[in-house]
Amino acid sequence: MPASVIAELLQQHERELLDEWVTAQRLAGIRTDLVDEETVRSNSQELLKLLTVAAAEGLDDLHSAHWTPVKGMLDRLSRSQSRQGFTSSETATFVFSLKEPLFARIQAQCANPVEVLWDASKLLDKLGLYCVESYMGSREAIIREQQESMLELSTPVVELWKGILAIPLIGSLDSNRTQIVMEALLEKIVQTESDLAIIDITGVPTVDTMVAQHLLKTVTAAKLMGAKCIISGIRPQIAATIVHLGVELGDVVTKASLADAFQMALKELNVRLVSATAR
Amino acid sequence: MVDKIPILKMGKYLLLSIQVDMHDQLALDLQEDLTNQIVKHRAKGVLIDISSLEIVDSFIGRMLSHIANVSRILDAKVIVVGMQPAVAITLVELGLSLDGIATALNVEKGMARLEQMVADDELLELARGEERDTSAKAGD
Amino acid sequence: MAKKEILPLKQETDIVLIRQRVRQSAEVAKLGLVSQTKIVTAASEIARNALIYGGGGECVIEDTARNGRSAVHLVITDQGKGIEDINKAMVDGYTSGNGLGLGLSGAKRLVDEFAIESAPGKGTRVELWKWR
């Protein structure tokens, strides 16, 4: 049986295999700036041990329970490597570089090397791909986290006056970002008990139908909660686009500039600003 | 499960706070109970606090609209206060904008607004009354 | 991870129970508050439809994953008279009863994926997905 043959080989020649494997990795290039050879060695040793145990139980199904420790170890390793800045091929090379020493052993020791080689090759390919997958998964998670924190950073809600909030939007808006803006603004309205909120889009280069709809939805949602929204800073091109797109602004209050909107908001709150010199 | 939502009377106003996940029959009962109470107490205004409601679906939305319409006929103002942001966003997405229902951020603001609306109404009535008086005199 | 629960849908109070269980499931899937509210509201709409127009049925709630993101998966079925023209039923404001006609179309807007199968006399099956 190839499974037991491979397990036996791994067990009997553990020392030599380990030495040759580490050498193979060194030849393929170890990122000495990120990891020392000692760690590589101990990682390799750990995987070799786990592999020996798992291989004895059968090679065919990586989903079966006895492969869990091996997968767990590769998972941890790939994830930490992806966070440390290794490339995906460097991560996969860890497993693939075991091929050369292992194949050499099989060639030397087995009566029917082709069959065993094929099985060993299939196994290492699967494990290598598994490494790449967890590496990618971890990368995607990082990207998602960064996207979220960037979106939060880019949407500050500021209090201009007791009861008046403003959210200056800068940069292009997609539906995802507009949605986050909307939620942040409405949360802040409740938190600060503000009756008025100014959405300033001076820094927004273009507005498409989706974004216009989202802005409208925000205004309607705020109204449902008992607050009023004013949209300010609509540039001429955007005004033209909104009309062209046929978006019905309905009874949404719009002002040309943030200053105008602020003035109107103060008026709504019955606040009057008087110049100190004009007596 | 709760089988009735309490309605409190305070002066000219009725107050109610929905704090349970309402099943449909409970909403219908509330609708009827409230209508009776408005007539019984000759209420001028109704304040509905929904700050504890975690969802408002089309059924509850319809109940709120119905209450507002019936109250208008019975000459009482209605204000809905404290809707949560997540609920408001969901309602808008669902396609319900509850047109014609006055809203406020919390009970305090809602009460002030309600008093304002009722006072405006009384002033208007008063002005109309005087107009009638003068025109009646002129007709003599 | 994949936890499945089947809830009955025979009376009005079952809708409340379904709402609560969907909320729990959405919390397990770590959905944001707005997404939680959306899927709960959608479930409420569809469940009420199944009860009023379909004469009741059941709701299957499943904690699962979709494209590597944790998700809530709902299947609400009834054995009622079914929907004759699904396209028409999906239009805002269309109702065969006395509702607002926002149930199906509104619920579709609230979820990430929506599927409906129905034929006259065959009942209705609505599938809802919301993921992280």
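Please read these numbers as outputs of a predicted model, since none were measured by experiment.

### Topic: the overall build of chain C
Looking only at helices and strands, one finds 4 helices and 5 strands in chain C. The order of α-helices and β-strands along chain C, N terminus first, is β-α-α-β-β-α-α-β-β. The C-alpha radius of gyration computed for chain C amounts to 14 Å, which stays within 12% of the reference 14 Å derived for 132 residues, consistent with globular compactness. Along the first, second and third principal axes, the C-alpha atoms of chain C reach 35 × 25 × 20 Å. Counting only residues that meet the buried cut, chain C has 54% of its 132 residues in that class. For chain C, long-range pairs separated by at least 24 residues make up 62% of all intrachain contacts whose partners lie at least 6 apart in sequence. Just so you have it, chain C exposes about 6100 Å², and 49% of that area is on carbon and sulfur atoms.

### Observations regarding the nonpolar core
Grouped together as the largest cluster of nonpolar side chains are 104 residues, with contacts concentrated most on A:I189, B:I18, B:I48 and C:F114. For A:I189, the residues in contact, after removing those within four places along its chain, are A:L165, A:S194, A:A197, A:A222, A:M225, A:A227 and B:L105. Core analysis: the next-biggest nonpolar cluster, separate from the first, contains 33 residues, A:L10, A:L17, A:F94 and A:V95 among them.

### Describing the confidence of the model for chain C
Looking at chain C as a whole, its pLDDT mean stands at 90, while 95% of the residues score no less than 70. Listed scores for the predicted complex are pTM 0.75 and ipTM 0.88.

### Notes on helix 11 (residues 258-268) of chain A
All names here are of chain A. Within helix 11 the residues assigned to the buried category are A261, M264, A265 and L266. The elements touched by buried residues of helix 11 are strand 1 (158-161), strand 2 (164-170), strand 3 (196-203), strand 4 (228-232) and strand 5 (253-255). A positive phi of about 60 degrees marks N270, the residue just after helix 11.

### Side note on the pairing of strand 4 (residues 113-119) of chain C
All names here are of chain C. Side chains of strand 4 alternate between two faces, with F114, I116 and S118 buried and E113, A115, E117 and A119 left unburied. Strand direction decides the pairing type here: strand 4 and strand 5 (residues 123-131), joined by 7 bridges, are antiparallel. Within strand 5, the residue paired with E113 across the bridge is W129. In sequence, strand 4 turns back onto strand 5 through a hairpin of 3 residues, with G121 there showing a positive phi of about 80 degrees.

### Points about the side chain of A:T91
Residue and element names in this part refer to chain A. Following the sequence through the fold, T91 ends up in helix 5 (residues 88-96). Here T91 falls in the buried class, since its relative accessible area comes to 1%. A polar side-chain atom of T91 sits 3.1 Å from the main-chain carbonyl oxygen of T87. When sequence neighbours within four positions are dropped, the list of residues in contact with T91 reads S78, Q81, F86, C131 and Y135.

### Focus on the sheet that holds strand 4 of chain C
Residues and elements named next belong to chain C. One open sheet holds the 5 strands; their spatial order is 1-2-3-5-4, and the pairing between them is antiparallel. What marks the edges here is a single partner per strand, and that holds for strand 1 (3-9) and strand 4. Neighbour to neighbour, the strand axes of the sheet diverge by 15 degrees on average, direction disregarded. Judged from the 10 bridges that link them, strand 2 (residues 57-66) and strand 3 (residues 69-78) form a sheet pairing that is antiparallel. Along strand 3, the bridge assignment pairs D63 with V72. Running at roughly 165 degrees to strand 1, helix 1 (residues 12-28) makes contact with strand 1, strand 2 and strand 3 of the sheet.

### Quick notes on unusual backbone geometry
Despite not being glycine, A:N270 has its phi angle at roughly 60 degrees, a positive value. Structurally, A:N270 is set in the segment after helix 11. Assessed through its relative accessible area of 72%, A:N270 is described here as exposed. The phi angle at C:K30 is positive, at roughly 55 degrees, despite the residue not being glycine. One can find C:K30 in the loop between helix 1 and helix 2 (33-52).

### Brief notes about the interface of chain C and chain B
Tallying the contact residues gives 24 residues for chain C and 21 residues for chain B. One salt bridge connects B:D24 with C:R48, and the closest N-O pair in it is separated by 2.6 Å. Only helix 1, helix 2 and helix 4 (103-110) of chain C provide two or more residues apiece to the side of chain C that touches chain B. With 9 residues, helix 2 of chain C is the largest single contributor of residues to the side of chain C that touches chain B.

### Structural notes on the side chain of C:S118
Residue and element names in this part refer to chain C. Its location among the elements puts S118 in strand 4. Of note is the side chain of S118, whose polar atom sits 2.7 Å from the backbone nitrogen of I83. Separated by 3.1 Å, the side chains of S118 and T124 make a polar contact. Once residues lying within four places of it in the same chain are set aside, the contact partners of S118 are G82, I83, I86, G123 and T124.

The rules behind each value
Counting from 1, residues in each chain are numbered in the order their sequence is written. By the order in which they are written, chains take letters starting at A while ligands take numbers starting at 1. The model is predicted, so local features are restricted to residues of pLDDT at least 70 and side-chain atom pairs to those at 80 or more, both for listing and for counting; the totals for chains, interfaces and linings are taken over all residues. With hydrogens and water excluded, all non-hydrogen atoms of the structure serve as input to the side-chain values. Here a strand is any run of E in DSSP of at least two residues, a helix any run of H or I of at least four, and the numbering for each starts at the N terminus. Each radius of gyration is computed over the set of C-alpha atoms, and the globule rule expresses the reference value as 2.2 Å times the number of residues to the power 0.38. Exposure classes here rest on a 1.4 Å probe applied to the protein chains alone. A residue is buried below 20% of its type maximum, exposed above 50%, and partly exposed in between. Any two residues having at least one pair of non-hydrogen atoms within 4.5 Å are treated as being in contact. In this description, accessible areas are obtained by the Shrake-Rupley approach with a 1.4 Å probe, and a residue is regarded as covered only by the protein chains that are shown. What is meant by a nonpolar core is a set of buried Ala, Val, Leu, Ile, Met, Phe, Trp, Tyr and Cys residues, joined one to another through side-chain atoms within 4.5 Å. A score between 0 and 100, pLDDT records how confident the predictor is in each residue. Here, a strand pair is defined by DSSP locating no fewer than two bridges between the strands. The definition of a polar contact used here is a pair of N or O atoms within 3.5 Å, where within protein one atom must be able to donate a hydrogen and the other to accept one, and adjacent residues in sequence count solely through side-chain atom pairs. Here the axes come from fitting lines to C-alpha atoms, over the contacting stretch only for helices, and the angles between their N-to-C directions go from 0 to 180 degrees. Salt bridges are defined as contacts in which a side-chain nitrogen from Lys or Arg sits within 4 Å of a carboxyl oxygen from Asp or Glu.

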